[in-house]
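Here are the chains, one letter per residue:
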Amino acid sequence: METEIRKMYQACGISAGVLNLGEEVLEELAPRFAAIDRIAEYNQMKVLAAMQKNRVSETHFAATTGYGYNDSGRDTLERVYADTFHTEDALVRSQITCGTHALNLALSANLRPGDELLSPVGKPYDTLEEVIGIRESAGSLREYGVSYAQVDLRPDGTFDYPAIRAAIRPNTKLATIQRSKGYASRPTLSSKQIGELIAFLKECKPDILCMVDNCYGEFVEREEPSDYGADMIVGSLIKNPGGGLAPAGGYICGTAACIEQVARRLTSPGLGREVGANLGTTPSFYQGFFLAPTVTAGAEKGAIFAAKLYERLGFRVHPTGDTPRHDIIQAIDLGSAERLSAFCRGIQAAAPVDSYVTPEPWAMPGYDSPVIMAAGAFVQGSSIELSADGPLRPPYTVYFQGGITWYHAKYGILMSLQKLVDAGFQL
Ligand SMILES: *Cc1c(COP(=O)(O)O)cnc(C)c1O
C-alpha cells in the first residue's frame, strides 16, 4: 500500500496494526471481488435495458402533487422495476414507508379472514411478528381472522419438506419466504433455493401464493426470486434498490393479480394505483435504482471483508468468509456487550454524518429486546448506507451492512476493529 494512502488512514484514526491486517485479508479477496463486479456488470445492464425499453425521459422526473393522477414518471418507474425483476407489475411508492409496511401491505391485501399464512422458513423478521400477530398486536392479521403456521428450517438450514407438506391445509393461502437471515443465525437463501421451495409448495397446493421478503437481497445475484416463480417480491427503498439515493419508500413486484390487490390496499378500493403523488421523489428513485447494482456490490464486498477479517481474529461469523452470498448482511458474534458497543462506535466514527456521536442501546418499536444501532447516514435509518446494529442479548451478534461505496465500507470495518483494540482487544 502506498505511503500516501497509509498516512491518510492513520490520520483518520486507523493504527498500523489494524491497517496491515486489513491489507493482508484483502489480498486474498481479489478473485472474489472480481466475481462480484461481474454480477454488478450484468445487473447494471439489466436495469439499463429496462430504462431504455420504457423510454425513460426527463419528463418522467417531474414532481406531482395532490391526488397524483396521470403521474407518468411514477407509472414508468413501476414498469422499469417490473421489467428488471421480470414480473407482470410493480408498485414503487414513497407512500410505502418502509420494508415492514410493504410486507404488511402485500400480506394483508392478499389474505382474507379464514385464510392461513404459512412461513416454511422459520420465524420471520422481528417486525413481522406484530404484523402477523405472533406477538399480540392490535390490527394484526390474526385480529382479522388470518391464522398462521410455521415450519422451521432443519438444523443444517435446509427445508423440512415433509413438515411443510403436512402444514399445508385447504385454507393455506399464502407462503411468506424470507430470503435474508435478518436477526437470526440461519443461512440466507439463494434465489435458486427459494425457487425449489416455491416449486414444492405449488406442487403441494397449486393455488398457493408465494411472497418473498427480498430485503437486502436485490442485485446480489443475477436472478431474483421472481425469476423462480415468486408471486410477489417485496422490499425497502432505503436498502439495496434505492441505491442510497431514495429518501424513503418501498416496492412490491409481482403478478398483475397480486399487485392489483396491493394497490387497492395501499390507497383504497376504487382508487388503487391511480393515486399517490410523488412529491418530487421520482428522480432519486430512478437514479438510485440505476446505481443500485454497483452500490450493492460495494456493500457485499464490505460484508465479505468484515467476515474474513473477524474470522481471522477467531470470531464466529455468519456467513463464513468463503460462503457464497445471497444478501449483504454480515453477522459477527462478538461475545460481549462491550465489544458489540465498541464495534458500533467504530462504524459510527467512520460515518460521513454524525461521526461525533456515541450510539446507545434503545427499546426500538417492533423489537423485543434493546437494540444498539450505528449509522451516520444521509437518509435516516438507511441500511444500504454503512450501518451496524444488534440486539443486546447473547451471543451479542452485530449485524453489519451497507456502504454506498466500498471504500467507506472498508474504512468503517477497519474502524470497528480499531475501537475493539482501543477497548483492550489484542490483535
Ligand atoms: C429490513 C428488513 C425488513 C423490514 O424492515 P424495515 O425496517 O421496516 O424496512 C423485513 N425483513 C427483512 C429480512 C429485513 O432485512
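Residues numbered from 1 in each chain as written. Predicted model: local features only at pLDDT ≥ 70, side-chain atom pairs only at ≥ 80, totals over all residues. Heavy atoms only, no water.

**Quick look at a nonpolar patch on the surface**
Move 1: Together, Met1, Ile5 and Met8 line one region of the surface with nonpolar side chains, adding up to about 280 Å² of accessible area.
Move 2: As for its position among the elements, Ile5 is in helix H1 (residues 3-11). (Patch = residues over 30% accessible without salt bridge, like charges linked within 9 Å, V, L, I, M, F, W, Y side chains within 5 Å. Areas by Shrake-Rupley, 256 points an atom, 1.4 Å probe, with all protein chains shown as cover. Salt bridge = Lys/Arg side-chain N within 4 Å of Asp/Glu carboxyl O. Helix = DSSP H or I, 4+ residues; strand = E, 2+ residues; numbered from the N terminus.)

**A short note on the nonpolar core**
Move 1: Ranked by internal contacts, the top residues of the largest apolar core, which has 44 residues, are Tyr310, Ile332, Leu334, Phe343, Leu417 and Leu420.
Move 2: Contributions of two or more residues to this core are made by helix H2 (16-28), helix H3 (30-53), helix H10 (282-312), helix H11 (337-349), strand S10 (371-375), strand S12 (397-401) and helix H12 (406-422).
Move 3: With 8 residues, H12 is the single largest residue contributor to this core.
Move 4: Setting aside chain neighbours within four positions, we find Leu334 in contact with Tyr310, Phe315, Arg339, Leu340, Phe343, Pro395, Tyr396, Val398 and Leu420.
Move 5: Listed in part, the 41 residues of the second largest apolar core include Ala50, Phe85, Ile208 and Ala246. (Core = buried A, V, L, I, M, F, W, Y, C linked by side-chain atoms within 4.5 Å. Buried < 20%, exposed > 50% of the residue type's maximum accessible area, 1.4 Å probe, protein only. Contact = heavy atoms within 4.5 Å.)

**Thoughts on the pattern of salt bridges**
Move 1: One pass over the structure, following the stated rule, counts 28 salt bridges.
Move 2: Salt bridges linked by common partners bring Glu24, Glu28, Lys308, Arg312 and Asp322 together as one network.

**What to know about the layout of surface pockets**
Move 1: The space that makes up the largest pocket amounts to roughly 950 Å³.
Move 2: What lines the largest pocket is a set of 42 residues, and nearest its centre among them are Met364, Tyr367, Met373, Gly381 and Ser383.
Move 3: Broken down by secondary-structure element, the contributors of at least two residues to the lining of the largest pocket are helix H5 (99-110), S10, strand S11 (387-391) and S12.
Move 4: Looking at the lining of the largest pocket residue by residue, the classes come out as 22 nonpolar, 15 polar and 5 charged.
Move 5: Volume-wise, the second largest pocket comes out at about 290 Å³.
Move 6: Ser108, Ala109, Leu111, Arg112 and Arg265 are the residues nearest the centre of the second largest pocket, which is lined by 17 residues in total.
Move 7: Listed by contribution, the elements that provide at least two residues to the lining of the second largest pocket are H5 and helix H9 (256-266).
Move 8: Per-element accounting of the lining of the second largest pocket gives the leading share, 5 residues, to H5. (1 Å grid on protein atoms, 1.4 Å probe; cavity = no way out; pocket = protein on both sides within 12 Å on 5 of 7 lines; lining within 4 Å. Points joined across faces, edges and corners; volume = space filled by probe spheres on them. Nonpolar A, V, L, I, M, F, W, Y, C, P; charged D, E, K, R; others polar.)

**Remarks on the packing of H2 against H3**
Move 1: Remark: H2 packs on H3, axes separated minimally by 4 Å, with the N-to-C direction vectors making an angle of 60 degrees. Classed by the angle they form, the pair H2 and H3 counts as oblique. When H2 is examined against H3, the residues Leu26, Glu27 and Glu28 are found in contact with a partner set consisting of Ala30, Pro31 and Phe33.
Move 2: Among the residues forming the contact of H2 with H3, the class breakdown is 4 nonpolar, no polar and 2 charged. (Axes fitted to C-alpha atoms, helices over the stretch in contact; angles between N-to-C directions. Parallel < 35°, antiparallel > 145°, perpendicular 65-115°, else oblique.)

**Some words on the sheet that holds S11**
Move 1: One open sheet accounts for 5 strands, arranged S8-S9-S12-S11-S10; its pairing is antiparallel. At either margin of the open sheet sits one strand with a lone partner, and together these are strand S8 (316-318) and S10. Taking each pair of neighbouring strands and ignoring which way they run, the sheet shows an average axis angle of 20 degrees.
Move 2: When S8 meets strand S9 (residues 330-333), the two strands line up antiparallel, connected through 3 bridges. Looking at the pairing, His318 lines up with Ala331 of S9.
Move 3: Docked against the sheet, H10 engages S8, S9 and S12, running at close to 20 degrees with respect to S9. (Pairing = 2+ DSSP bridges.)

**Some details on the sheet that holds strand S4 (residues 172-178)**
Move 1: In space, the 7 strands of this open sheet follow the order S1-S7-S6-S5-S4-S2-S3, with mixed pairing throughout. Pairing within the sheet leaves two strands with one partner each, and these edge strands are strand S1 (89-93) and strand S3 (147-150). Averaged over all adjacent pairs, the angle separating strand axes in this sheet is 20 degrees, with direction ignored.
Move 2: Strand contacts of H9: S1, strand S5 (209-213), strand S6 (232-236) and strand S7 (250-254), with the helix running at about 30 degrees to S1, the strand carrying the most contacts.

These results come straight from atomic positions and should not be treated as a statement about function.
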